[in-house]
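Analysis of the macromolecular model
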Amino acid sequence: MRMQPGMPQHVGPPGYPQAGYPQQPVSMDLNPHAPIPGRIVVAGLSKQFKAVRAVDNLSFTVEPGTVTGFLGPNGAGKTTTLRMLLGLMTATTGVATIGGQFYANLPNPIRIVGASLEASSFHLARTGRNHLRILAAAAGLPERRCDEVIDMVGITPAAKRKVKTYSMGMKQRLALATAMLGDPHVLILDEPTNGLDPEGIRWIRHFLRALASQGRTVLVSSHMLAEVSQTVDDVVIIAQGRSVRQGKVAELIGQAHSYVRVRTTQVEQLMTLLGEKAQMRRTAANELCIDNMPSTEVGKIAYGNGLEVEELTTVQSDLEEVFLQLTHGGAGIR
Ligand SMILES: Nc1ncnc2c1ncn2[C@@H]1O[C@H](COP(=O)(O)OP(=O)(O)O)[C@@H](O)[C@H]1O
Ligand SMILES: [Mg+2]
(Lines give C-alpha, C1' and ligand atoms only; values in the text may rest on other atoms or scores of the structure.)
(Ligands and ions follow the chains in the order given, each with its own letter.)
Protein backbone atom coordinates (compact mmCIF):
# COMPACT_ATOMS: atom_id res chain seq x y z
CA MET A 1 0.00 0.00 0.00
CA ARG A 2 1.35 3.46 -0.84
CA MET A 3 1.56 5.86 2.05
CA GLN A 4 0.08 9.31 1.82
CA PRO A 5 2.26 11.57 3.93
CA GLY A 6 0.44 13.15 6.81
CA MET A 7 -2.55 10.87 6.85
CA PRO A 8 -2.97 7.94 9.18
CA GLN A 9 -3.15 4.60 7.38
CA HIS A 10 -3.88 1.06 8.38
CA VAL A 11 -0.48 -0.39 7.81
CA GLY A 12 -0.07 -2.81 10.64
CA PRO A 13 2.18 -5.84 10.54
CA PRO A 14 1.21 -8.87 8.42
CA GLY A 15 -1.96 -10.47 9.65
CA TYR A 16 -3.19 -7.30 11.28
CA PRO A 17 -6.57 -6.20 9.92
CA GLN A 18 -6.29 -3.73 7.05
CA ALA A 19 -9.99 -3.16 6.68
CA GLY A 20 -11.64 -0.19 8.35
CA TYR A 21 -13.04 -0.38 11.83
CA PRO A 22 -16.81 -0.09 12.24
CA GLN A 23 -17.65 3.26 10.69
CA GLN A 24 -20.90 4.04 12.45
CA PRO A 25 -20.70 5.79 15.80
CA VAL A 26 -22.66 3.70 18.23
CA SER A 27 -25.82 5.17 19.69
CA MET A 28 -25.35 6.75 23.10
CA ASP A 29 -28.60 5.13 24.20
CA LEU A 30 -27.10 1.67 24.31
CA ASN A 31 -25.90 0.21 27.57
CA PRO A 32 -22.66 2.13 28.20
CA HIS A 33 -21.09 -0.92 29.81
CA ALA A 34 -21.60 -3.16 26.76
CA PRO A 35 -18.12 -4.38 25.71
CA ILE A 36 -18.00 -2.71 22.30
CA PRO A 37 -14.52 -2.80 20.72
CA GLY A 38 -12.88 0.58 21.11
CA ARG A 39 -15.45 2.03 23.47
CA ILE A 40 -14.00 3.79 26.50
CA VAL A 41 -16.09 3.65 29.64
CA VAL A 42 -15.31 5.61 32.79
CA ALA A 43 -17.76 4.85 35.59
CA GLY A 44 -17.81 6.38 39.06
CA LEU A 45 -14.07 6.97 38.87
CA SER A 46 -12.35 8.73 41.78
CA LYS A 47 -8.77 9.31 42.87
CA GLN A 48 -7.77 10.60 46.28
CA PHE A 49 -4.22 11.90 46.85
CA LYS A 50 -3.99 12.56 50.57
CA ALA A 51 -5.98 15.81 50.93
CA VAL A 52 -6.71 16.25 47.22
CA ARG A 53 -9.67 14.57 45.53
CA ALA A 54 -8.10 14.81 42.06
CA VAL A 55 -10.94 12.91 40.35
CA ASP A 56 -14.36 12.79 41.92
CA ASN A 57 -17.01 10.28 40.84
CA LEU A 58 -16.41 10.85 37.14
CA SER A 59 -18.44 8.96 34.52
CA PHE A 60 -18.41 9.23 30.73
CA THR A 61 -18.22 7.10 27.60
CA VAL A 62 -16.31 7.67 24.38
CA GLU A 63 -17.61 6.00 21.24
CA PRO A 64 -15.62 4.58 18.33
CA GLY A 65 -15.66 6.85 15.27
CA THR A 66 -15.64 10.06 17.28
CA VAL A 67 -13.12 12.56 18.60
CA THR A 68 -13.93 13.47 22.18
CA GLY A 69 -12.39 16.47 23.91
CA PHE A 70 -11.58 15.91 27.58
CA LEU A 71 -11.42 19.44 28.87
CA GLY A 72 -10.74 21.30 32.06
CA PRO A 73 -8.40 23.91 33.51
CA ASN A 74 -4.96 22.94 34.76
CA GLY A 75 -5.28 20.75 37.83
CA ALA A 76 -8.83 19.64 36.96
CA GLY A 77 -7.86 15.96 37.01
CA LYS A 78 -7.45 15.13 33.30
CA THR A 79 -4.03 13.48 33.43
CA THR A 80 -4.95 11.56 36.57
CA THR A 81 -8.06 10.18 34.81
CA LEU A 82 -6.04 9.18 31.73
CA ARG A 83 -3.40 7.52 33.90
CA MET A 84 -6.08 5.41 35.58
CA LEU A 85 -7.56 4.54 32.17
CA LEU A 86 -4.11 3.39 31.03
CA GLY A 87 -3.53 1.29 34.13
CA LEU A 88 -0.66 3.53 35.30
CA MET A 89 -2.41 4.37 38.55
CA THR A 90 -5.01 2.56 40.60
CA ALA A 91 -8.41 4.14 41.11
CA THR A 92 -9.65 4.92 44.62
CA THR A 93 -13.16 3.98 43.45
CA GLY A 94 -14.83 3.20 40.16
CA VAL A 95 -13.63 1.67 36.91
CA ALA A 96 -12.17 2.74 33.58
CA THR A 97 -12.24 0.26 30.69
CA ILE A 98 -11.39 0.07 27.01
CA GLY A 99 -13.53 -2.27 24.93
CA GLY A 100 -14.96 -3.62 28.18
CA GLN A 101 -11.55 -4.56 29.60
CA PHE A 102 -9.07 -3.03 31.99
CA TYR A 103 -5.96 -1.84 30.16
CA ALA A 104 -3.83 -4.26 32.18
CA ASN A 105 -5.88 -7.19 30.84
CA LEU A 106 -5.66 -6.23 27.16
CA PRO A 107 -4.02 -9.07 25.24
CA ASN A 108 -1.73 -6.96 23.03
CA PRO A 109 -2.18 -3.41 24.26
CA ILE A 110 0.04 -1.58 21.73
CA ARG A 111 -2.22 -2.85 18.91
CA ILE A 112 -5.37 -1.72 20.72
CA VAL A 113 -4.49 1.51 22.52
CA GLY A 114 -2.00 4.21 21.57
CA ALA A 115 -1.33 6.87 24.17
CA SER A 116 0.80 9.92 24.69
CA LEU A 117 0.85 11.32 28.18
CA GLU A 118 3.84 13.60 28.26
CA ALA A 119 5.81 14.80 25.26
CA SER A 120 8.82 15.38 27.51
CA SER A 121 9.33 11.77 28.60
CA PHE A 122 11.75 10.90 25.78
CA HIS A 123 15.35 9.89 26.22
CA LEU A 124 16.92 13.14 25.00
CA ALA A 125 20.17 11.65 23.73
CA ARG A 126 18.34 9.19 21.47
CA THR A 127 17.22 9.99 17.93
CA GLY A 128 13.49 10.07 17.24
CA ARG A 129 13.83 7.05 15.00
CA ASN A 130 15.78 5.04 17.59
CA HIS A 131 13.16 5.82 20.21
CA LEU A 132 10.56 4.26 17.91
CA ARG A 133 12.81 1.33 16.91
CA ILE A 134 13.24 0.26 20.53
CA LEU A 135 9.51 0.30 21.14
CA ALA A 136 8.77 -1.46 17.85
CA ALA A 137 11.29 -4.21 18.60
CA ALA A 138 9.83 -4.73 22.09
CA ALA A 139 6.35 -5.06 20.60
CA GLY A 140 7.43 -7.34 17.75
CA LEU A 141 6.58 -4.77 15.09
CA PRO A 142 8.60 -4.54 11.86
CA GLU A 143 11.19 -1.74 11.64
CA ARG A 144 9.53 -0.28 8.55
CA ARG A 145 6.59 0.64 10.74
CA CYS A 146 8.83 3.24 12.43
CA ASP A 147 9.42 5.02 9.11
CA GLU A 148 5.72 4.84 8.33
CA VAL A 149 4.71 6.61 11.53
CA ILE A 150 7.60 9.10 11.19
CA ASP A 151 6.30 9.96 7.73
CA MET A 152 2.71 10.05 8.97
CA VAL A 153 3.47 12.80 11.51
CA GLY A 154 5.79 14.71 9.18
CA ILE A 155 9.11 14.50 11.06
CA THR A 156 11.08 12.54 8.43
CA PRO A 157 13.78 15.25 8.08
CA ALA A 158 14.40 15.19 11.87
CA ALA A 159 14.08 11.45 12.47
CA LYS A 160 17.81 10.84 12.71
CA ARG A 161 18.45 13.80 15.00
CA LYS A 162 18.65 13.54 18.77
CA VAL A 163 15.40 14.35 20.54
CA LYS A 164 17.14 17.09 22.57
CA THR A 165 17.35 19.15 19.35
CA TYR A 166 13.57 18.89 18.81
CA SER A 167 11.18 21.77 19.32
CA MET A 168 8.14 21.20 21.56
CA GLY A 169 6.02 20.78 18.43
CA MET A 170 8.36 18.11 17.05
CA LYS A 171 8.27 16.26 20.38
CA GLN A 172 4.49 16.34 20.21
CA ARG A 173 4.63 14.84 16.73
CA LEU A 174 7.06 12.16 17.91
CA ALA A 175 4.69 11.38 20.79
CA LEU A 176 1.89 10.98 18.27
CA ALA A 177 4.09 8.73 16.10
CA THR A 178 4.75 6.62 19.20
CA ALA A 179 1.03 6.37 19.89
CA MET A 180 0.39 5.30 16.27
CA LEU A 181 3.10 2.64 16.23
CA GLY A 182 0.82 -0.36 16.81
CA ASP A 183 -1.91 1.00 14.47
CA PRO A 184 -4.24 1.10 17.48
CA HIS A 185 -8.02 1.27 17.47
CA VAL A 186 -8.04 3.72 20.40
CA LEU A 187 -5.96 6.90 20.74
CA ILE A 188 -5.60 8.61 24.11
CA LEU A 189 -3.69 11.87 23.86
CA ASP A 190 -2.95 14.18 26.77
CA GLU A 191 -2.72 17.84 25.66
CA PRO A 192 -1.33 17.06 22.20
CA THR A 193 -1.74 20.67 21.04
CA ASN A 194 0.54 22.08 23.76
CA GLY A 195 3.52 23.74 22.13
CA LEU A 196 2.15 23.47 18.60
CA ASP A 197 1.99 26.55 16.40
CA PRO A 198 -1.27 27.35 14.57
CA GLU A 199 -0.13 25.34 11.53
CA GLY A 200 0.62 22.37 13.80
CA ILE A 201 -2.78 22.66 15.47
CA ARG A 202 -4.46 22.70 12.06
CA TRP A 203 -2.47 19.66 11.03
CA ILE A 204 -3.35 17.67 14.18
CA ARG A 205 -7.01 18.59 13.70
CA HIS A 206 -7.02 16.89 10.27
CA PHE A 207 -5.01 13.98 11.60
CA LEU A 208 -7.40 13.26 14.47
CA ARG A 209 -10.47 13.70 12.25
CA ALA A 210 -9.01 11.19 9.78
CA LEU A 211 -8.42 8.68 12.60
CA ALA A 212 -12.02 9.00 13.76
CA SER A 213 -13.36 8.69 10.22
CA GLN A 214 -11.59 5.33 10.04
CA GLY A 215 -13.73 4.26 12.98
CA ARG A 216 -11.12 4.70 15.68
CA THR A 217 -11.81 6.13 19.10
CA VAL A 218 -9.98 9.37 19.86
CA LEU A 219 -9.88 10.90 23.34
CA VAL A 220 -7.91 14.12 23.49
CA SER A 221 -7.40 16.29 26.55
CA SER A 222 -6.84 20.04 26.59
CA HIS A 223 -7.05 22.95 29.00
CA MET A 224 -8.14 25.17 26.09
CA LEU A 225 -11.56 24.54 24.62
CA ALA A 226 -10.90 26.95 21.75
CA GLU A 227 -7.86 24.92 20.65
CA VAL A 228 -9.85 21.74 20.14
CA SER A 229 -13.38 23.00 19.48
CA GLN A 230 -13.01 22.54 15.72
CA THR A 231 -11.54 19.06 16.15
CA VAL A 232 -13.93 17.35 18.52
CA ASP A 233 -17.45 15.94 18.14
CA ASP A 234 -18.15 15.54 21.83
CA VAL A 235 -16.87 17.16 24.98
CA VAL A 236 -16.45 16.01 28.55
CA ILE A 237 -15.66 19.08 30.66
CA ILE A 238 -14.38 18.69 34.20
CA ALA A 239 -13.48 21.09 36.99
CA GLN A 240 -11.98 20.07 40.32
CA GLY A 241 -12.26 16.42 39.34
CA ARG A 242 -15.98 16.57 38.63
CA SER A 243 -17.93 16.51 35.40
CA VAL A 244 -19.51 19.90 34.71
CA ARG A 245 -20.73 19.33 31.17
CA GLN A 246 -20.92 16.50 28.61
CA GLY A 247 -22.39 16.47 25.15
CA LYS A 248 -21.97 17.62 21.56
CA VAL A 249 -19.55 20.47 20.98
CA ALA A 250 -22.12 21.96 18.57
CA GLU A 251 -24.49 22.51 21.50
CA LEU A 252 -21.76 24.31 23.40
CA ILE A 253 -20.96 26.50 20.40
CA GLY A 254 -24.67 27.32 20.18
CA GLN A 255 -24.44 28.61 23.73
CA ALA A 256 -21.81 31.19 22.80
CA HIS A 257 -23.72 34.36 21.94
CA SER A 258 -23.71 38.08 22.58
CA TYR A 259 -25.45 39.76 25.49
CA VAL A 260 -25.78 43.20 27.01
CA ARG A 261 -24.09 44.05 30.29
CA VAL A 262 -25.29 47.02 32.34
CA ARG A 263 -23.59 48.39 35.43
CA THR A 264 -25.87 50.53 37.57
CA THR A 265 -26.54 51.10 41.26
CA GLN A 266 -30.25 50.72 40.44
CA VAL A 267 -30.32 47.09 39.31
CA GLU A 268 -33.73 46.33 40.91
CA GLN A 269 -35.41 49.31 39.25
CA LEU A 270 -33.93 48.35 35.88
CA MET A 271 -35.13 44.75 36.28
CA THR A 272 -38.65 45.98 36.99
CA LEU A 273 -38.57 48.33 34.01
CA LEU A 274 -37.28 45.67 31.61
CA GLY A 275 -40.12 43.43 32.71
CA GLU A 276 -40.86 39.77 32.20
CA LYS A 277 -39.97 39.59 28.53
CA ALA A 278 -36.30 40.24 29.28
CA GLN A 279 -34.09 37.21 29.82
CA MET A 280 -31.67 38.54 32.38
CA ARG A 281 -29.14 37.43 34.95
CA ARG A 282 -27.93 39.52 37.84
CA THR A 283 -24.19 38.90 37.83
CA ALA A 284 -23.18 41.24 40.66
CA ALA A 285 -24.81 43.67 43.11
CA ASN A 286 -24.52 46.46 40.53
CA GLU A 287 -24.48 44.40 37.33
CA LEU A 288 -27.17 42.93 35.11
CA CYS A 289 -26.76 40.86 31.92
CA ILE A 290 -29.58 40.74 29.38
CA ASP A 291 -29.58 38.01 26.73
CA ASN A 292 -32.43 38.96 24.41
CA MET A 293 -32.41 42.74 23.90
CA PRO A 294 -30.07 45.00 21.92
CA SER A 295 -28.10 47.56 23.92
CA THR A 296 -29.99 50.41 22.22
CA GLU A 297 -33.28 49.17 23.65
CA VAL A 298 -31.86 48.58 27.13
CA GLY A 299 -30.27 52.06 27.00
CA LYS A 300 -33.52 53.72 25.91
CA ILE A 301 -35.41 52.20 28.84
CA ALA A 302 -32.68 52.99 31.37
CA TYR A 303 -32.00 56.58 30.27
CA GLY A 304 -35.69 57.21 29.56
CA ASN A 305 -36.47 56.47 33.18
CA GLY A 306 -33.60 58.51 34.57
CA LEU A 307 -31.51 55.58 35.87
CA GLU A 308 -27.87 56.23 36.56
CA VAL A 309 -25.94 53.93 34.21
CA GLU A 310 -22.21 53.48 34.75
CA GLU A 311 -21.65 51.15 31.82
CA LEU A 312 -23.64 49.66 28.97
CA THR A 313 -21.79 47.15 26.78
CA THR A 314 -22.55 44.44 24.24
CA VAL A 315 -20.40 41.46 25.21
CA GLN A 316 -19.50 38.96 22.52
CA SER A 317 -19.39 35.74 24.47
CA ASP A 318 -17.01 33.30 22.83
CA LEU A 319 -16.41 29.64 23.42
CA GLU A 320 -13.59 30.28 25.83
CA GLU A 321 -15.89 32.41 27.95
CA VAL A 322 -18.52 29.64 28.02
CA PHE A 323 -15.73 27.29 29.08
CA LEU A 324 -14.57 29.64 31.85
CA GLN A 325 -18.12 30.04 33.10
CA LEU A 326 -18.58 26.26 33.20
CA THR A 327 -15.30 25.73 35.01
CA HIS A 328 -15.83 28.69 37.35
CA GLY A 329 -13.36 31.07 35.75
CA GLY A 330 -10.45 28.76 36.36
CA ALA A 331 -11.26 28.15 40.01
CA GLY A 332 -10.33 24.54 39.28
CA ILE A 333 -6.64 25.44 39.23
CA ARG A 334 -4.98 23.59 42.06
N1 LIG B 1 0.93 11.94 42.15
C2 LIG B 1 0.23 12.93 42.72
N3 LIG B 1 0.25 13.14 44.05
C4 LIG B 1 -0.47 14.10 44.64
N5 LIG B 1 -1.28 14.94 43.98
C6 LIG B 1 -1.36 14.81 42.64
C7 LIG B 1 -0.62 13.80 41.94
N8 LIG B 1 -0.92 13.89 40.62
C9 LIG B 1 -1.79 14.90 40.50
N10 LIG B 1 -2.06 15.46 41.71
C11 LIG B 1 -3.02 16.56 41.96
O12 LIG B 1 -4.26 16.16 41.43
C13 LIG B 1 -4.93 17.25 40.84
C14 LIG B 1 -5.24 16.94 39.39
O15 LIG B 1 -4.05 16.91 38.65
P16 LIG B 1 -3.98 16.49 37.13
O17 LIG B 1 -4.71 15.22 36.92
O18 LIG B 1 -2.54 16.52 36.72
O19 LIG B 1 -4.78 17.67 36.42
P20 LIG B 1 -4.79 18.15 34.90
O21 LIG B 1 -4.14 17.08 34.08
O22 LIG B 1 -6.22 18.35 34.58
O23 LIG B 1 -4.03 19.43 34.84
C24 LIG B 1 -4.03 18.45 41.06
O25 LIG B 1 -4.45 19.07 42.25
C26 LIG B 1 -2.66 17.82 41.23
O27 LIG B 1 -1.85 18.67 41.99
MG1 LIG C 1 -2.50 17.25 32.76
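Scoring rules and cut-offs
- Residues numbered from 1 in each chain as written.
- Chains lettered and ligands numbered in written order.
- Predicted model: local features only at pLDDT ≥ 70, side-chain atom pairs only at ≥ 80, totals over all residues.
- Helix = DSSP H or I, 4+ residues; strand = E, 2+ residues; numbered from the N terminus.
- Buried ≥ 20, exposed ≤ 12 C-beta atoms within 10 Å, placed from the backbone.
- Contact = placed C-beta atoms within 7 Å.
- Pairing = 2+ DSSP bridges.
- Axes fitted to C-alpha atoms, helices over the stretch in contact; angles between N-to-C directions.
- Core = buried A, V, L, I, M, F, W, Y, C linked by C-beta atoms within 7 Å.
- Expected span 1.5 Å × (residues − 1).
- Arc of directions from axis to C-beta.
- Parallel < 35°, antiparallel > 145°, perpendicular 65-115°, else oblique.
- Left-handed = near helix turned anticlockwise from the far one by under 90°.
- Nonpolar A, V, L, I, M, F, W, Y, C, P; charged D, E, K, R; others polar.

Quick word on the overall build of the chain
Of regular secondary structure, the chain possesses 11 helices and 13 strands. Residue burial in the chain is summarised as follows: out of 334 residues, 39% are buried. Within the chain, residue pairs in contact and separated by at least 24 positions form 70% of the contacts whose partners lie at least 6 positions apart.

Description of the sheet that holds strand β3 (residues 67-71)
The strand order β5-β6-β7-β3-β8-β9 describes an open sheet built from six strands, whose pairing is mixed. With one partner strand each, in any of the chains shown, β5 (113-116) and β9 (242-248) form the two edges of the open sheet. Adjacent strand axes in the sheet meet at a mean angle of 15 degrees when their direction is disregarded. Here β3 runs beside strand β8 (residues 234-239); their pairing, made up of four bridges, is parallel. Looking at β8, one finds that T68 is bridged to D234. Sitting on the sheet, helix α5 (residues 168-180) touches β5 and β6 (186-190), and the angle it makes with β5 is about 160 degrees. On top of the sheet, helix α6 (residues 198-213) reaches β3, β6 and β7 (217-222); it is set at about 150 degrees to β7, its chief contact.

Brief notes about the sheet that holds strand β2 (residues 52-62)
The strands that make up a sheet pair up through hydrogen bonds in the backbone, lying either parallel or antiparallel. If you walk across this open sheet you meet the three strands as β2-β1-β4, and the pairing is antiparallel. Across the chains shown, the open sheet's two edge strands, defined by having one partner strand only, are β2 and β4 (93-98). Strand-to-strand twist in this sheet, taken as the mean axis angle between neighbours without regard to direction, amounts to 20 degrees. As paired strands, strand β1 (residues 40-49) and β2 are joined by seven bridges and run antiparallel to one another.

Focus: the nonpolar core
Core analysis: the largest hydrophobic core is formed by 68 residues, its most contacted members being V149, A177, I188 and V220. Here this core gets seven residues from one element, more than from any other, and that element is α5. In contact with A177, not counting residues within four places along its chain, are L132, V149, I150, M152, V153 and I155. With eight residues, the next largest nonpolar core counts V260, V262, L288 and V298 among its residues.

Comments concerning α6
When the terminal C-alpha atoms of α6 are compared, their 23 Å separation across 16 residues agrees well with the 22 Å that a helix rising 1.5 Å per residue should span. Listed in full, the buried residues belonging to α6 are I204, F207, L208, L211 and A212. The buried residues of α6 all sit within an arc of 130 degrees when viewed along its axis, so they share a single face. Set apart from the buried face of α6 by more than 90 degrees, the exposed residues are P198 and E199. Here the buried face of α6 lies against β3, β6 and β7. G215 lies just past α6 and shows a positive phi near 95 degrees.

Here we look at the packing of helix α3 (residues 128-139) against helix α4 (residues 144-152)
With their axes 9 Å apart at the nearest point, α3 and α4 run at an angle of 130 degrees to one another. Here α4 runs oblique to α3, going by the angle between their axes. As for the relative orientation of α3 and α4, their crossing is right-handed in sense. Packed against α3, whose contacting residues are G128, R129, L132, R133 and A136, the element α4 presents R145, C146, V149 and I150 at the interface. Class assignment for the residues of the contact of α3 with α4 results in five nonpolar, one polar and three charged.

Read these as geometric descriptors, not functional statements.
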